[in-house]
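# Per-entry structural report
Read off the chains here:
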Amino acid sequence: MSNILAVFGATGQQGGSVISHVLNDPELAQKYKIRAITRDVNSTKAQQLKEKVEVVRGDVFKPASLETALTGTHTIFAMTTPSLGPDGLEIEYNSAKAIADVAIQKGAQYIIFSTLPSVSEISGGKYTRVSPFDAKAKAEQYIRSLPIKSAFFSAGSFMENFKSQAFLHPQKAPDGTWVMARHLSPKTQFPLIDAVGDSGKFVGAILAQPDKYEGKTFCAATALYSLEDIVAIMSKATGKTIVYKQIPLDEFKKSIPFMADIFAEGFSYMDEFGYFGPESEKLVAWAGENARGRLSTLEEYLEEHPFNLE
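Residues numbered from 1 in each chain as written. Predicted model: local features only at pLDDT ≥ 70, side-chain atom pairs only at ≥ 80, totals over all residues. Heavy atoms only, no water.

Under an unreviewed UniProt entry, the name given to the chain is NmrA-like domain-containing protein, and the source organism is Aspergillus wentii DTO 134E9. Heading Sequence similarities (unreviewed entry) of the UniProt record for the chain holds this comment: "Belongs to the NmrA-type oxidoreductase family." (UniProt positions renumbered as here; feature names shortened; annotations may be inferred.)

Printed below as a string of structure tokens:
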């Protein structure tokens with residue numbers, strides 16, 4: 001009999017990728033029956049999912065809905081949405097805690113949590129405003145303390161962000177070139193992942209061999225790309241001349257319409273300590289070697305999802 005795999009964020013990038021991977025992997029499709037969890041079961045994406053899997057409502061702010069959603073589950077892929085207000089860290093942490101607590105209550109056997117590195121801890125307290133990272137890291141530590149098996153998926157920077165975060169796009173200069181401006185060294189490395197295409201390949205490895213990866217963290221990315229690498233690859237993909245320009249921190253912050261402190265500190269942290277900390281290169285390499293399937297390079301992603309500059 002198949003175990004029920006509950007997937008939070010089922011209509012989003014990570015959860016959707018996990019569902020797609022399991023459905024298309026013959027071994028995992030036999031091993032797990034998917035229960036897609038979403039706050040809005042009537043959305044267009046949820047309706048499309050209903051043609052393939054069970055879809056149920058689950059809201060971290062409504063415990064009764066979580067209890068219903070997690071009844072009978074064996075394995076849970078849990079993720080939380082950042083809260084960006086002054087109490088954002090605690091709100092997001094409590095969301096993850098609610099999922100984990102109900103999972104225990106309902107007798108689930110395994111949690112795979114979408115985590116992120118603790119910026120404040122790795123930086124020794126130098127950078128403390130990157131609350132979406134620290135909230136997930138705090139939740140990870142809580143889950144590790146519980147009487148349930150667990151493993152962790154820690155995603156790098158999404159390749160999808162090159163389109164969705166328009167304020168970080170290259171900007172056209174008077175001479176016709178395009179400029180990507182940050183306050184960082186051009187050598188700063190970003191671990192990039194095709195979140196929609198590849199998240200499921202990392203989580204799928206855990207689902208296929210849960211005992212092997214219990215307690216492990218997949219620092220999920222195809223590779224580390226420097227800002228110089230990124231603009232060179234984007235130039236080739238778009239046919240435009242794109243250059244990188246290092247600008248003062250204050251100038252960068254003024255270019256960000258919201259969450260300026262979070263972006264500025266998060267990027268500064270990466271420049272100084274590495275996205276996953278000092279061992280980022282080693283951690284990314286291990287995750288890639290253990291992923292369940294070939295990962296998309298940035299070149300391949302931009303070929304499949306053209307990045308248009310006009």
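Past the structure itself, the notes keep going.
### Some details on the pattern of salt bridges
The tally for this structure, following the rule as stated, stands at 14 salt bridges. The residue E90 makes a salt bridge to K138 at a minimum N-O spacing of 2.8 Å. Note that E90 is positioned in helix α5 (residues 88-105) and K138 in helix α7 (residues 131-144), a separation of 48 residues in sequence. For E90, a relative accessible area of 36% gives the class partly exposed. We classify K138 as partly exposed; its relative accessible area is 34%. (Salt bridge = Lys/Arg side-chain N within 4 Å of Asp/Glu carboxyl O. Helix = DSSP H or I, 4+ residues; strand = E, 2+ residues; numbered from the N terminus. Buried < 20%, exposed > 50% of the residue type's maximum accessible area, 1.4 Å probe, protein only.)

### Structural notes on the side chain of N290
Note on placement: N290 falls in helix α13 (residues 280-290). Since its relative accessible area comes to 18%, N290 is described here as buried. Here Y213 takes part through its side chain, which lies 2.8 Å from a polar atom of the side chain of N290. A polar atom in the side chain of N290 sits 2.8 Å from the backbone oxygen of W286. Excluding residues that lie within four positions of it along the chain, N290 makes contacts with A205, K212, Y213 and F218. (Polar contact = N/O pair within 3.5 Å; in protein donor to acceptor, adjacent residues only side chain to side chain. Contact = heavy atoms within 4.5 Å.)

### With respect to the sheet that holds strand β7 (residues 157-158)
The three strands are arranged β7-β10-β12 in an open sheet whose pairing can be described as mixed. Edge positions in the sheet fall to β7 and β12 (223-226), since each of these pairs with one other strand and no more. Inspection of the sheet shows strand β10 (residues 189-193) paired to β12 by four bridges, in the antiparallel sense. Bridge pairing in β12 links P191 to L224. Seen against the sheet, helix α10 (residues 227-238) touches β10 and β12 and runs at an angle of roughly 85° to β12. (Pairing = 2+ DSSP bridges. Axes fitted to C-alpha atoms, helices over the stretch in contact; angles between N-to-C directions.)

### Digging into the packing of helix α4 (residues 63-70) against α5
One can describe the packing of α4 onto α5 by two numbers: an axis separation of 9 Å at closest approach and a directional angle of 50°. Judged by the angle between their axes, α4 and α5 are oblique. The interaxial crossing formed by α4 with α5 has right-handed handedness. Counted together, L66, E67 and L70 of α4 and A98, I99, V102, A103 and Q105 of α5 form the full contact between these two elements. (Parallel < 35°, antiparallel > 145°, perpendicular 65-115°, else oblique. Left-handed = near helix turned anticlockwise from the far one by under 90°.)

### Side note on the sheet that holds strand β13 (residues 242-246)
Spatial strand order, β8-β9-β13: three strands in an open sheet with mixed pairing. Unpaired on one side and paired on the other, β8 (171-172) and β13 mark the two borders of the sheet. Pairing analysis gives five bridges linking strand β9 (residues 178-182) to β13, with the strands arranged parallel. Directly across from V179, in β13, lies its bridge partner V243.

### Concerning the nonpolar core
If you look at the biggest cluster of nonpolar residues, it comprises 61 residues, and the most contacted ones within it are I76 and F202. With residues up to four places along the chain from it excluded, the contact list for I76 reads L5, A6, F8, L70, I99, A103, A108, Y110, I111 and I112. The next biggest cluster of nonpolar side chains, apart from the first, holds 42 residues, and it includes F162, M180, M270 and L302. (Core = buried A, V, L, I, M, F, W, Y, C linked by side-chain atoms within 4.5 Å.)

### Section: the UniProt feature "domain: NmrA-like" (unreviewed entry) in the chain
Mapped onto the present numbering, the UniProt feature "domain: NmrA-like" (unreviewed entry) falls on residues 3-302. In this annotation, residues 3-302 is assigned 45% helix and 20% strand; the end-to-end C-alpha distance for the span is 37 Å.

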